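# Summary of the model geometry
Chain by chain, the residues:
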Amino acid sequence: MISLQEARRIITDSLAPLPAVNLPLAEALGSALAAPVLADAWYPSGDRATMDGYVIRSGQETGEFTVVGELQAGSIPGQPLAEGQAIRIFTGALVPEGGGMVIPQEMAERSGDTVKIPIFPELRFIRAKGSEAQPGAIILPSGSRLGPAELAMLAQVGAVHPSVVRRPVVRHIATGGEIVPPDQTPPEGKIRDTNTTLLHALLGQQGVSSVSSSHCADDPAALADLCAGPCDLLLISGGASVGDYDFGAEALRRCGFTIHFNKVNLRPGKPLTFATKGSQAAFVIPGNPVSHFVCFHVTIRLALELMSGIAPSWSFLDVELSDGTILKTDPRETFWPARVEPADGALTVSPLRWSTSGDTFSLAGTNALLQVNESSPSGNRVKTLLLAAPF
Ligand SMILES: Nc1nc2c(c(=O)[nH]1)N[C@H]1C(S)=C(S)[C@@H](COP(=O)(O)OP(=O)(O)OC[C@H]3O[C@@H](n4cnc5c(N)ncnc54)[C@H](O)[C@@H]3O)O[C@H]1N2
Ligand code: MOO
C-alpha cells in the first residue's frame, strides 16, 4: 500500500496537459492559457480624463478660464488647448493636445462661457497613454488561469478566441446491481445512486462540463465495453475493493489500461485505483459517497489540474480546532470532512460527524478536509485543506 504523497507523485508523473484549442471567451472560464496573450495596442490609447470636469494646460495660475469646447468619451479632440482656455471633458474622453490636468467639476464654478477654478487638485486626473500596457507587452503569460478578471483583459485586447489547454472529456460509469436512479424508489435491498450526482457537481465546480454517465451492473465484460468508449478521464464508481463483484481494475486491464496503484494508505478511500492508457487516465473510486468526496479532492482533482494545464492547488492552512474537538486517529492518513468558519476575526474549524464513509448526510456544509496523521493535529491546530471560501 502506498502513501497519498506517493500516489500524488505517480499521478503527477503520469499525466500531461491536453492539446490546445481556441475557445470563445464565454466558454473559457477556468481554462489555462496555452500561449501568452499580448497587448495589441497602447492602453490607454491616449491620455484620458478620469473625472467629469474641465481640462486645462498645466503650469497655469488659478482663476478664470474660457470654455472653448466639449469632449465626450469616444470623441476625437480637435484644437490644441491654449493658455487661459478650458474644455469641458467627461470621464474616459481623450485629452486634447496641451491638456495637462483635469479639474473635477465639483472644484469648478461654471458661468456661461467661463469657468472659475479657485484651487487646483493635487492629482492630474489623467490616465497617461500606455501607462497600463504597451503594444506587444505580455498581459497574461502562458499557463494563466482564466477567471473573470483575466477574461475581461482578453476582451479588452480583442483576444476573443484565446488558445487554451483543452479541458478533459470525462466518462463516468456507476457500477453495482444495487443502485437505482435517484428519481426512483429503491426496491428492498437497493439504494439510490448518489455518486453520479456528486461527481457531476464536483466536476462542474472544477469547470469540467463534458461529462457523460452510465450505469453498469456487476459484469466485467460489459464494464470493459463501457471503459473502451472515448474520453480523457474515465471514472468508475464502486467495484474498487477485493470482493467477488469488484471488477473495476479487471475491466480496465481488459481494455488495455496499465494499473499504477490500487490501494492507498488513505481514510476514506483506501481501495482507490489509478490507471493510464496513452494519454487517458482512469480511476476506480471506492463506492462509498464520502470516499468519493475525499478521493476527488485529494487525487482526481490533481489529475484534472494536470490535464488542464492548471497549477495544482494543494496548500494547507493551520487552523484552530473548535473547543472540545477530538479527532480519532487511524493508521491510515485521514481526510476528515469539516467546516471552517470565521469567528472573532480568525478561522476555526469543526470536524463534521463521521460514522462510516457511506454516510452522505454527514457531508452537509463541508468546506474543508482536515489532514489527520502523525504530525496533524499539533496542539489545537490542524492542517486544513480549504475547499471553498469559509463564508
Ligand atoms: N475485505 C475487504 N473489504 C473491504 C475493504 C477491504 O480492504 N477489504 N475495503 C473497504 C473499503 S475501505 C471501502 S471504501 C469499500 C469500497 O468498496 P468498492 O469500491 O468495491 O465499492 P462497492 O462495494 O461497489 O460499494 C461500496 C458501498 O458504496 C455503495 N455505492 C456504490 N455505488 C454507489 C453509488 N453510485 N451511489 C451510492 N452508493 C453507492 C455500495 O452500495 C456499498 O455500500 O470496500 C470495503 N470493503
Ligand atoms: O476507504 Mo473506505 O473509503 O474507508 O470507506
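From a predicted model like this one, the values you see are computed outputs, not experimental measurements.

### Section: the packing of aromatic side chains
- A full pass over the atoms with the stated rule returns five aromatic pairs.
- A centroid spacing of 6.2 Å and a plane angle of 40 degrees characterise the contact between Trp-314 and Phe-335, whose relative ring orientation is tilted. A residue pair is termed long-range when its members are at least 10 positions apart, and Trp-314 in the loop between α6 (289-307) and β22 (316-321) and Phe-335 in strand β23 (residues 333-343) qualify at 21 residues.
- On the basis of relative accessibility, which here comes to 0%, the residue Phe-335 falls in the buried class.
- Taken together, the ring pairs in this structure connect Phe-261, Phe-274 and Phe-283 into an aromatic cluster.
- The positively charged end of Arg-8 is found above the aromatic ring belonging to Trp-314, 3.7 Å away from the centroid.

### With respect to helix α3 (residues 195-205)
- Buried within α3 we find Asn-195, Thr-196, Leu-198, Leu-199, Leu-202 and Leu-203. Along α3, the residues classed as buried sweep out an arc of 160 degrees about the axis, all on the same side. Turned more than 90 degrees from where α3 packs its buried face, Thr-197 and Gln-205 sit exposed.
- On its buried side, α3 packs onto β13 (170-175), β16 (211-216), β17 (233-237), β21 (280-285) and α6.

### With respect to the site of ligand 2
- Close to ligand 2 lie Pro-268, Gly-269, Lys-270, Pro-271, Asn-288, Ser-291, Arg-332 and Ser-357.
- In the model, an oxygen atom of ligand 2 is placed 2.5 Å from a nitrogen or oxygen of the Gly-269 main chain.
- Taking Ser-291, its side chain carries an N or O atom lying 2.4 Å from an oxygen atom of ligand 2.
- For the shell around ligand 2, a count of residues per class yields two nonpolar, four polar and two charged.

### Some thoughts on the UniProt feature "domain: MoaB/Mog" (unreviewed entry) in the protein chain
- Feature annotation in UniProt assigns "domain: MoaB/Mog" (unreviewed entry) to the following positions: residues 171-306.
- Between the first and last C-alpha atoms of residues 171-306 the distance is 17 Å; the span itself is 32% helix and 27% strand.

### Focus on the packing of helix α1 (residues 4-14) against α6
- Where α1 meets α6, the closest approach of the two axes is 10 Å, and the angle between their N-to-C directions is 20 degrees. Taken together, the axis directions place α1 and α6 in an arrangement best described as roughly parallel. In this structure, α1 meets α6 at a crossing whose hand is right-handed. Here α1 contributes Leu-4, Arg-8, Ile-11 and Thr-12 to the contact with α6, which in turn contributes Val-298, Thr-299, Leu-302, Ala-303 and Leu-306.
- Partitioning the contact of α1 with α6 into residue classes produces six nonpolar, two polar and one charged.

### Structural notes on the pairing of strand β5 (residues 63-71)
- Where β5 and strand β9 (residues 114-117) come together, four bridges link them in antiparallel fashion. Bridge pairing in β9 links Phe-65 to Val-115.
- Pairing geometry for β5 and strand β6 (residues 85-89), over four bridges, is parallel. The residue bridging Glu-70 from the neighbouring strand is Arg-88, located in β6.

### Focus: the site of ligand 1
- Residues in contact with ligand 1 amount to 19 residues; listed here are only the nearest, Glu-178, Asp-193, Ser-241, Asp-246 and Lys-270.
- One nitrogen or oxygen atom from the main chain of Ala-240 is found 3.0 Å from an oxygen atom belonging to ligand 1.
- One of the backbone nitrogen or oxygen atoms of Gly-287 is found 3.0 Å away from an oxygen atom of ligand 1.
- Its free accessible area being 880 Å², ligand 1 has 68% of it covered by the protein chains.

### Let's talk about the sheet that holds strand β8 (residues 109-111)
- As summarised here, the arrangement of the six strands in space is β7-β4-β6-β5-β9-β8, forming an open sheet in which the pairing is mixed. In this open sheet, the two strands that pair with only one neighbour each are β7 (101-104) and β8. When strand polarity is set aside, the average angle formed by the axes of neighbouring strands in this sheet is 35 degrees.
- Sheet topology note: the β8/β9 ladder contains three bridges and is antiparallel.

### Focus on helix α4 (residues 220-227)
- Of the positions making up α4, those classed as buried are Pro-220, Leu-223, Ala-224 and Cys-227. Seen from one end, α4 has its buried residues packed into an arc of 100 degrees, which puts them on one side.
- Contacts made by the buried residues of α4 are with β13, β16, β17 and α5 (248-254).
- The residue sitting at the N-terminus of α4 and contributing the capping side-chain oxygen is Asp-219; that oxygen lies 3.0 Å from the backbone nitrogen of Ala-221.

### Quick look at the pairing of β21
- Along β21, six of the six residues are buried, which leaves the element largely enclosed by surrounding structure.
- Going residue by residue along β21, you find Gln-280, Ala-282 and Val-284 tucked away on one face and Ala-281, Phe-283 and Ile-285 tucked away on the opposite face as well.
- Inspection of the sheet shows β17 paired to β21 by five bridges, in the parallel sense. Its bridge partner lying in β21, Ile-236 is registered against Val-284.
- Hairpin connection, strand β20 (residues 273-277) to β21: the antiparallel pair is bridged by two residues, and Gly-278 has positive phi, about 60 degrees.

### Focus: the domain arrangement of the protein chain
- Domain boundaries assigned for the protein chain yield domain 1 (4-18 + 167-307), domain 2 (20-42 + 132-165), domain 3 (48-127) and domain 4 (316-386).
- Distance from the C-alpha centre of domain 1 to the C-alpha centre of domain 3: 65 Å.

### As for the pattern of salt bridges
- Taken as a whole and assessed by the stated rule, the structure comprises eleven salt bridges.
- Of the charged contacts, one joins Arg-166 and Asp-232 as a salt bridge, the two residues approaching to 2.7 Å between their closest N and O atoms. Placement of Arg-166 in the loop between β12 (163-165) and β13 and of Asp-232 in the loop between α4 and β17 is noted, with a sequence separation of 66 residues between them.
- Asp-232 gets classed as buried once you look at its relative accessible area, which sits at 8%.
- In this structure, Arg-301 and Glu-305 form a salt bridge, with 3.8 Å as the shortest nitrogen-oxygen distance. Residue Arg-301 and its partner Glu-305 are located together in helix α6, separated by four residues, close to a single helical turn. Taken as a pair, Arg-301 and Glu-305 share a single burial class, namely buried.
- Linked by salt bridges that have partners in common, Glu-6, Arg-9 and Asp-13 make up one network.

The rules we used
Residues numbered from 1 in each chain as written. Chains lettered and ligands numbered in written order. Predicted model: local features only at pLDDT ≥ 70, side-chain atom pairs only at ≥ 80, totals over all residues. Heavy atoms only, no water. Phe/Tyr/Trp six-rings, centres within 6.5 Å; stacked < 30°, edge-to-face > 60°. Helix = DSSP H or I, 4+ residues; strand = E, 2+ residues; numbered from the N terminus. Buried < 20%, exposed > 50% of the residue type's maximum accessible area, 1.4 Å probe, protein only. Lys NZ or Arg CZ within 6 Å of the ring centre and 35° of its normal. Arc of directions from axis to C-beta. Contact = heavy atoms within 4.5 Å. Near = heavy atom within 4 Å. Polar contact = N/O pair within 3.5 Å; in protein donor to acceptor, adjacent residues only side chain to side chain. Nonpolar A, V, L, I, M, F, W, Y, C, P; charged D, E, K, R; others polar. UniProt positions renumbered as here; feature names shortened; annotations may be inferred. Axes fitted to C-alpha atoms, helices over the stretch in contact; angles between N-to-C directions. Parallel < 35°, antiparallel > 145°, perpendicular 65-115°, else oblique. Left-handed = near helix turned anticlockwise from the far one by under 90°. Pairing = 2+ DSSP bridges. Areas by Shrake-Rupley, 256 points an atom, 1.4 Å probe, with all protein chains shown as cover. Domains from an automatic or database assignment. Salt bridge = Lys/Arg side-chain N within 4 Å of Asp/Glu carboxyl O.

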